[in-house]
Amino acid sequence: MPGAPYSQDLRVRVLAAFDRGMTKMEAHQTFGVSRSTLDDWLHLREQTGNVQANTTYRRGPAPAICDLEAFAAFAKRHGGGTLEQMAAAWEQETGQRLSLKPFSQALRRIGWTRKKRVGATGSGMKSSVRSSSVR
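If you're wondering where the values come from, they're calculated on a predicted model, not measured in any experiment.

Describing the nonpolar core
In this structure, Ile65, Phe71, Phe74, Met86, Trp90, Phe103 and Leu107 are the most contacted members of the largest nonpolar core, which totals 13 residues. At the level of secondary structure, the elements contributing two or more residues to this core comprise α4 (68-78), α5 (83-94) and α6 (100-109). Here the element with the most residues in this core is α5; it accounts for five residues. Ignoring any residue separated from it by four or fewer positions in sequence, one finds Phe103 in contact with Ile65, Phe71, Phe74, Leu83, Met86, Ala87, Trp90 and Leu98. In this structure, Val33, Leu38, Trp41 and Val51 belong to the second largest nonpolar core, which totals nine residues.

Set out below in structure tokens:
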């Protein structure tokens, strides 16, 4: 996954230094920005007039359930059911047929968990810690 984009301030400072006569290699060494990145910024400035970072970039497809407020209300109404039941209710209410994965993803995004019990269950295995008392 790519890292965060360089800050707007850094982009402007690097290009200003380049415009004042700093070479690409000097800019690379001074600011820690690769020469190919500087080339990209110069090209971007030439094409668009600025060097704004593309904040609309998204890795992978957009979520199937985008309106999280509406989904949170739906989850409150149908949260006691299984994912299969929720999917059927969602299709009935919205007309949108989805697989189970978008439901679990949307539930995570609104902070819900599908865990039904509050406490942890015992595994039934005995502890491996030995008693230090000797009889």
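Here's the deal with the pattern of salt bridges
If charged atoms from side chains of opposite charge come close, those side chains can pair. Considering all chains together, one arrives at four salt bridges under this definition. Ionic pairing is found between Asp19 and Arg45, a salt bridge with its closest N-O pair at 2.7 Å. With Asp19 in helix α1 (residues 8-19) and Arg45 in helix α3 (residues 35-48), the pair connects residues that are 26 residues apart, well separated along the chain. A residue is classified by how much of its surface remains accessible, and Arg45, at 28% relative accessible area, is partly exposed. The salt bridge involving Glu93 is made with Arg77; its shortest N-O contact spans 2.6 Å. Taken as a pair, Glu93 in helix α5 and Arg77 in helix α4 lie far apart in primary sequence, 16 residues in all. The class of Glu93 is partly exposed, set by a relative accessible area of 43%.

Rules and cut-offs
- Residues numbered from 1 in each chain as written.
- Predicted model: local features only at pLDDT ≥ 70, side-chain atom pairs only at ≥ 80, totals over all residues.
- Heavy atoms only, no water.
- Core = buried A, V, L, I, M, F, W, Y, C linked by side-chain atoms within 4.5 Å.
- Buried < 20%, exposed > 50% of the residue type's maximum accessible area, 1.4 Å probe, protein only.
- Helix = DSSP H or I, 4+ residues; strand = E, 2+ residues; numbered from the N terminus.
- Contact = heavy atoms within 4.5 Å.
- Salt bridge = Lys/Arg side-chain N within 4 Å of Asp/Glu carboxyl O.

On their own, these measurements won't tell you what the molecule is for.
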